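What follows is each chain in one-letter form.
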Amino acid sequence: MTAGFDQAFADLFAERSGSLYRYFSALSGDPALAEDIVQESFVRLYRRGRMPDDPAAWLVSVAHNLWRDDRRRDVRRSRLLSLRKDELPTMGESPATDATTLASERVQTVHQALARLPERDRRLLLLRHSGFAYREIAEVLDVAPGSIGTLLVRASESFRTAFYELFGASA
Amino acid sequence: MSSSAHPPDGELRALVDGELPASRALELRQHAAQCSACAARLREIEQDALGTGQLLDLLPVGESPLELQVVVRRARRARLRRAGLIAAAVSLFAVSIAGATVGRGLAGRVWAMVHRRSRIQPPPAVVPHDSMGIAFVPGMEADVVFDTKQDHGQLRVALADTAELVIRSDAPVAYRINAQGVVVHNPGSGASYEILIPRALPHVRIVVGGRVVLEKVGPRIVAGTDSAPSLVLPVK
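Residues numbered from 1 in each chain as written. Chains lettered and ligands numbered in written order. Predicted model: local features only at pLDDT ≥ 70, side-chain atom pairs only at ≥ 80, totals over all residues. Heavy atoms only, no water.

Quick rundown of the overall build of chain B? Include the residues and the values.
For chain B, the count of helices and strands is five helices and eleven strands. A burial count over chain B gives 40% of its 236 residues as buried. The contacts in chain B between residues at least 6 apart in sequence include a share of 65% that link residues at least 24 apart. Here chain B has roughly 13000 Å² of accessible surface; of this, 58% comes from carbon and sulfur atoms. (Helix = DSSP H or I, 4+ residues; strand = E, 2+ residues; numbered from the N terminus. Buried < 20%, exposed > 50% of the residue type's maximum accessible area, 1.4 Å probe, protein only. Contact = heavy atoms within 4.5 Å. Areas by Shrake-Rupley, 256 points an atom, 1.4 Å probe, with all protein chains shown as cover.)

A description of the packing of helix α1 (residues 3-28) of chain A against helix α5 (residues 119-129) of chain A should follow, citing residues and the corresponding values.
Residues and elements named next belong to chain A. Running from N to C, α1 and α5 cross one another at 145°; their axes reach a closest spacing of 9 Å. Read as a crossing pair, α1 and α5 show a hand that is right-handed. Counted together, Tyr23, Ala26 and Leu27 of α1 and Arg122, Arg123, Leu126 and Leu127 of α5 form the full contact between these two elements. A per-class count over the contact of α1 with α5 returns five nonpolar, no polar and two charged. (Axes fitted to C-alpha atoms, helices over the stretch in contact; angles between N-to-C directions. Left-handed = near helix turned anticlockwise from the far one by under 90°. Nonpolar A, V, L, I, M, F, W, Y, C, P; charged D, E, K, R; others polar.)

Give a description of the pairing of strand β6 (residues 181-185) of chain B that names residues and reports values.
Residues and elements named next belong to chain B. Counting buried positions over the five residues of β6 gives four, a clear majority of the element. Pairing of strand β2 (residues 141-146) with β6, which is carried by four bridges, proceeds in the parallel orientation. From the neighbouring strand, Asp143 faces β6, where its bridge partner is Gly181. Two strands pair when backbone bridges link them, and strand β5 (residues 174-178) and β6 are joined in this way by five bridges, in the antiparallel orientation. Along β6, the bridge assignment pairs Ala174 with His185. Taking the residues that link successive antiparallel strands as the turn, the β5-β6 hairpin has two residues. (Pairing = 2+ DSSP bridges.)

Describe the side chain of Gln150(B), with residues and values.
Residue and element names in this part refer to chain B. Relative to the helices and strands, Gln150 is located in the loop between β2 and β3 (154-160). In this structure the side chain of Gln150 is engaged in a polar contact, spanning 3.4 Å, whose partner is the backbone oxygen of Ser189. A polar side-chain atom of Gln150 sits 2.9 Å from the main-chain carbonyl oxygen of Ala191. (Polar contact = N/O pair within 3.5 Å; in protein donor to acceptor, adjacent residues only side chain to side chain.)

Describe the packing of aromatic side chains, and please don't skip the residues or the numbers.
Residues and elements named next belong to chain A. Within the structure shown, the criterion is met by ten aromatic pairs over all chains. For the ring pair Tyr23 and Phe132, a centre distance of 6.3 Å and an interplane angle of 65° mean the geometry is edge-to-face. Taken together, the residues span a long stretch of sequence, with Tyr23 in helix α1 and Phe132 in the loop between α5 and α6 (134-141) at a distance of 109 residues. No difference in accessibility class separates Tyr23 from Phe132, as the two residues are buried. Between Phe163 and Tyr164 the ring centres are 5.0 Å apart and the planes differ by 90°, which places this aromatic pair in the edge-to-face class. Its relative accessible area of 47% is what places Tyr164 among the partly exposed residues. Site record: aromatic cluster; members linked through ring pairs are Phe5, Phe9, Phe13, Phe42 and Tyr46. Positioned above the aromatic ring of Phe132, the side-chain terminus of Arg16 is 4.9 Å from the ring centre. (Phe/Tyr/Trp six-rings, centres within 6.5 Å; stacked < 30°, edge-to-face > 60°. Lys NZ or Arg CZ within 6 Å of the ring centre and 35° of its normal.)

Give a detailed account of unusual backbone geometry, specifying residues and quantitative values.
At Asp142(A), a residue that is not glycine, the phi angle is positive and equals roughly 60°. Relative to the helices and strands, Asp142(A) resides in the loop between α6 and α7 (148-170).

How would you explain the packing of helix α2 (residues 22-34) of chain B against helix α3 (residues 36-57) of chain B if you had to name every residue and give the values?
All names here are of chain B. α3 packs onto α2 with a crossing angle of 115° between their chain directions and a minimal axis gap of 5 Å. As α2 runs across α3, the sense of the crossing is left-handed. Between α2, through Arg29, His31, Ala32 and Gln34, and α3, the contact on the second element is made entirely by Ser36, Cys38, Ala39 and Leu42. Tallied by class, residues from the contact of α2 with α3 come to four nonpolar, three polar and one charged.

Quick one: what's the story with α6(A), residue by residue and with numbers?
Residues and elements named next belong to chain A. Here α6 lies mainly inside the structure; six of its eight residues are buried. Restricting attention to buried positions, one finds in α6 the residues Tyr134, Glu136, Ile137, Ala138, Val140 and Leu141. Trailing α6 by a residue or two, Asp142 shows a phi angle of about 60°, which is positive.

Help me get a handle on α3(B), residues and values and all.
For α3(B), built from 22 residues, the straight-helix expectation of 32 Å at 1.5 Å per residue is met to within 8% by its first-to-last C-alpha distance of 31 Å. Listed in full, the buried residues belonging to α3(B) are Cys38(B), Ala39(B), Leu42(B), Ile45(B), Asp48(B), Ala49(B), Gly51(B), Thr52(B), Gly53(B), Leu55(B) and Leu56(B). (Expected span 1.5 Å × (residues − 1).)

Structural data, given as structure tokens:
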């Protein structure tokens, strides 16, 4: 392991760990899982000992693979949870204020609107929102860099349409 | 494209996102200043991007808790462990040759030396049948597999700040360590067990008769039995 690699790794970590974490946290809806996945991705990059051509895209790809593996395991966990759902301890219930309810409804609707999009559009919007450049997004999604703008316009419109349909329906 | 041609939506979005080369961005802005249709479309796309960003900002993602030192420490530990395993494999190869020529006594001493240096586990072994427990240092994940369900007995599971996964029983049972963890050969047994799981171990499953009764993933524990949600589970 060279000092040059260590420095490059530290710079990359400073530059990218936050955006990767935000991306996977939003995508999975599970901040603890996002932390595990992003940490493991950086660990694998460090163990690799040399930088890939496009480190940010490499990290996202590795993290996606880890997330996919976790989702496979999650199917099994879901089965276990469904068995126990009626027995899980409940938190102390307190009456929610209207503002809290509204905010939580909006968050839930954002999740639902994202879920309505094709997976590629969902990832596209969240990658961009997390600060990834067009070139990096294109690499991750395996599309031409010149098409990212067009895809973003369409995905944004679909997302907002879905959000207002759902939110209007629930309001 | 000439500066007078209407730019496509994708380019306008790239302009909004600051993803165009400066010269092209200037061309588009000059065009939009003279073309009311493109100026209006640019505003729409700006509003759409802004609105989407505001909605996505609602997602509760928080600040990254990741720390560089933690990541590097973990990565280095993993590298050391791998280096230890490679060294052990090379040494074992030498041992097998030496063992064939000068006897197992030397091989045993070399194994012990390698074991001390690399801190790896000895090869899988069946503990004698009258064992009342077992302790071993697992890898990143471990399965504790009970061959069969029991008519009697309990599993008492606890997290502990130790490196070893420990199983104790109140009656003799045979244990076998393998690459996945440990198998408890319990047919016909009515023993109760206490299992201490290292708190730092990322993934542990306890399986009884082919059914997962408890799983620890990171700090989360999911129990999958029909009993109350405690960490005392029937072995059935």
